[in-house]
Amino acid sequence: MARASLGYAAPLTSCHNARCLTLVAFHANTIASTAMSGAREPHPSLEVLGGARDSFLPAFKTLTHPYNPYPIIGWNRHIETIFAAFFRSLPDVRFRRECLRTKDNGSVALDWVAGDDRRIPAESPVLILLPGLTGGSGDTYVRHMLKRARNFEWRVVVFNSRGCGESPVTTPQFYSASFIEDLREVVAHVSTRYPDANLYAVGWSLGANILVRYLGQESHNCPLSGAVSLCNPFNLVIADEDFHKGFNNIYDKVLANALCKILKKHALLFEDIGGEYNILLAAKAKSVRDFDEGLTRVSFGFKSVDDYYSNSSSSDSVKHAANDPIAPSRGIPLKDIEENPNCLLIVTPKGGHLGWVAGVEAPRGAPWTDPVVMDFLDHLERVRSQTIESCCKTDSPKQKQEGLHRIGVEAPIGFPH
């Protein structure tokens, strides 16, 4: 089965744990409850649970339809994962790249859609996309999400992490599952650039893990109005264990090879680096674990790989596919989701990893999750706009200020695959 999680965010202080807010909504409780009345039951092929089940169901237009995996391709998780990676269509997008220098002198690349500055109003919502491990703006799942969001007249930017998507590397440090500083600077930069726009984010796989950790750590100060986490590994210790089982070893080697290519391209930065680094092990890594042992865990100050994995997990947040070979469903904090009034978990019968080859665009079109994601985010944007309009009509300046503050404290939404 495949899982997806959504969440309704009342005040963050009301959550059992701030990090369990996988879906970011708004804080306007009265408006939310009115807008979300009259929910229709989801189709029996979808399992929907969580504390926010009744609150969020009406936002989704597709959950009343059955989840129909594409014949043959969608029946096996490995076939589905591989098909989506190699045969999903790649929408044509012309980007304009902006290189952002970080406070530690590192660099990340922000890919904006060329021409959108002139075409889209400055106050339109902005969607930040965080690809998976070694991924970037050239990945099919990223471009399909980008295309759908732009159909809603949203501005979209792809956040290419250090070394990914041909992003420059200017210091002997890449990125990791635990490192949220680059994302914090990217969000602040985008927020400054478009001060009148609401900001949202979608992350996949490792990008989802980073996004959810960011949401939890930012808590009350989070500038995002909503977020979606897809294919999130949640518990990296469990994900590492499953990586070394059966066919999953193939994925492990492919990802390790991609990491080695990035390291090789920037090898001179790590020449004679010394310390606990084992650059030779990382450069010849046959598994992601080897690469993390030789380079990643040392770069970010962890005593061991297991220490790195156990302290970098986002297992308090959700959106997932239960038959995902790379992000195993047993890492999902089901109990926390059911008890948290801000979370919703959607379970689909199939999905693979970054697959979800189902729906009207299958097999080569957008993943089944894309319209579900935009249903949710569009709902947040519409309700938020209604809330601001309502606050602006308030007679009392004090009530107006309090109302605007409420909607400024949002919680995150998760959507792991």
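Note that the structure is a prediction, hence the values are computed from the model and not measured. (Residues numbered from 1 in each chain as written. Predicted model: local features only at pLDDT ≥ 70, side-chain atom pairs only at ≥ 80, totals over all residues. Heavy atoms only, no water.)

Asks: Lay out the sheet that holds strand β3 (residues 95-101) with the relevant residues and their values.
Replies: Taken together, the six strands give an open sheet; going across it, the order is β3-β4-β6-β5-β7-β8, and neighbouring strands pair in mixed fashion. Only two strands of the sheet have a single neighbouring strand rather than two, namely β3 and β8 (224-230). Between one strand axis and the next, the sheet turns through 20° on average, direction left out of account. As defined by bridge partners, β3 adjoins strand β4 (residues 107-113) across seven bridges and the pair is classed as antiparallel. When the bridges of β4 are listed, Phe95 appears paired with Val113. (Pairing = 2+ DSSP bridges. Helix = DSSP H or I, 4+ residues; strand = E, 2+ residues; numbered from the N terminus. Axes fitted to C-alpha atoms, helices over the stretch in contact; angles between N-to-C directions.)

Asks: Before we move on, could you go through empty space enclosed by the protein and cite the residues and values that matter?
Replies: Overall, the coordinates contain three cavities of 30 Å³ or more when judged by the stated rule. Reported here for the largest cavity is a volume of approximately 60 Å³. Every residue along the wall of the largest cavity is listed here: Leu130, Pro131, Gly132, Gly135, Phe159, Asn160, Ser161, Cys164, Tyr175, Gly207 and Ile210. Listed by contribution, the elements that provide at least two residues to the lining of the largest cavity are β6 (155-160) and α7 (205-218). Grouping the amino acids of the lining of the largest cavity by side-chain chemistry returns six nonpolar, five polar and no charged. (1 Å grid on protein atoms, 1.4 Å probe; cavity = no way out; pocket = protein on both sides within 12 Å on 5 of 7 lines; lining within 4 Å. Points joined across faces, edges and corners; volume = space filled by probe spheres on them. Nonpolar A, V, L, I, M, F, W, Y, C, P; charged D, E, K, R; others polar.)

Asks: Go over the side chain of Arg155, please, and point to the residues and values.
Replies: By secondary structure assignment, the location of Arg155 is in strand β6. Overall, Arg155 belongs to the buried group, its relative accessible area being 1%. Excluding anything up to four places from it in sequence, Arg155 contacts Trp112, Asp116, Asp117, Ile120, Pro121, Ala122, Pro125, Val126, Leu127 and Tyr194. (Buried < 20%, exposed > 50% of the residue type's maximum accessible area, 1.4 Å probe, protein only. Contact = heavy atoms within 4.5 Å.)

Asks: Which residues make up helix α6 (residues 181-193), and what values do they have?
Replies: End to end, α6 covers 18 Å across 13 residues, agreeing with the expected 18 Å (1.5 Å per residue, within 8%). Regarding α6, the residues found buried are Asp182, Leu183, Glu185, Val186, Val187 and Val190. (Expected span 1.5 Å × (residues − 1).)

Asks: Mind laying out the environment of Asp111, listing which residues take part and the relevant values?
Replies: Along the polypeptide, Asp111 turns up in strand β4. For Asp111, the side chain forms a polar contact with the side chain of Asn160, separated by 3.0 Å. (Polar contact = N/O pair within 3.5 Å; in protein donor to acceptor, adjacent residues only side chain to side chain.)

Asks: An account of the layout of surface pockets is needed here, citing residue identities and associated values.
Replies: Empty space among the atoms can be located by rolling a probe the size of a water molecule over them. Taken as a whole, the second largest pocket holds about 270 Å³ of empty space. In this structure, the second largest pocket is lined by 15 residues; those nearest its centre are Thr62, Gly359, Val360, Trp368 and Pro371. The class makeup of the residues in the lining of the second largest pocket is nine nonpolar, four polar and two charged.

Asks: Requested: an account of the nonpolar core, with residues and values cited.
Replies: Counting residues in hydrophobic clusters, the biggest one holds 51 residues, and the most contacted among them are Leu211, Tyr214 and Leu224. Considering each element in turn, this core owes the most residues, six residues, to helix α9 (residues 248-265). Not counting the four nearest positions on each side in its chain, Leu211 is found in contact with Leu130, Leu183, Ala201, Val202, Gly203, Leu224, Ala227 and Val228. If you look at the next biggest cluster of nonpolar residues, it comprises 39 residues, including Trp204, Leu344, Ala358 and Phe376. (Core = buried A, V, L, I, M, F, W, Y, C linked by side-chain atoms within 4.5 Å.)

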